[in-house]
Amino acid sequence: MTTLYQQRATIATPATHIPDVNQLALALGESSADVQTFTTASYQDASGNLYAVASTVTKPIFAEMAGQPLQAPEHAPDMDLAAATRAQALLQINGGIASPDVIAVILGGRLESAQDHIAALGLSRVPSTIE
């Protein structure tokens, strides 16, 4: 079986940028549900900064689309284009570890591990407080 989704994209967004990056996910995604891609900031870097992380398979055109001027898609004509554009300006694709001033993206092969990508971003799960 051949699939159009040949890459894995793992995206780490600082907690403060969750609303904007959800608008970017809506602009680049294929469904109105993409506005709920990032929810809880459950990862942290070595300094304790919090991040929401999503990992999904994508089409090879993802990186190109992420760098193009954004337009509201048919599935979300009333999306917040200004918020999506703010998030787009913070994208850093395959540029290193996550930091509070970037939305870090690792693109790799479809079968690559999301956990390996998260580790490469310098992130770990926030320890649970439930005992």
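Structure's up top.
Heads up: these notes are all about the structure in this document.

How each quantity is defined
- Residues numbered from 1 in each chain as written.
- Predicted model: local features only at pLDDT ≥ 70, side-chain atom pairs only at ≥ 80, totals over all residues.
- Heavy atoms only, no water.
- 1 Å grid on protein atoms, 1.4 Å probe; cavity = no way out; pocket = protein on both sides within 12 Å on 5 of 7 lines; lining within 4 Å.
- Points joined across faces, edges and corners; volume = space filled by probe spheres on them.
- Helix = DSSP H or I, 4+ residues; strand = E, 2+ residues; numbered from the N terminus.
- Nonpolar A, V, L, I, M, F, W, Y, C, P; charged D, E, K, R; others polar.
- Contact = heavy atoms within 4.5 Å.

Side note on the layout of surface pockets
Approximately 490 Å³ is the volume attributed to the largest pocket. As for the largest pocket, its lining consists of 22 residues, and the residues nearest its centre are Leu 28, Gly 29, Thr 56, Thr 58 and Phe 62. Of all the elements in the fold, those that place two or more residues in the lining of the largest pocket are helix H1 (18–28), strand E3 (50–58), helix H2 (62–67) and strand E5 (103–109). Taken together, the residues of the lining of the largest pocket break down into 15 nonpolar, four polar and three charged.

Description of the environment of Ile 118
By the element assignment, Ile 118 lies in helix H4 (residues 114–120). Taking the C-alpha atoms as reference points, Ile 118 and Val 53, 65 residues apart in sequence, are found 8.1 Å from one another. In this structure, Ile 118 is in contact with Thr 10, Tyr 43, Val 53 and Leu 123, ignoring residues within four places of it in sequence.

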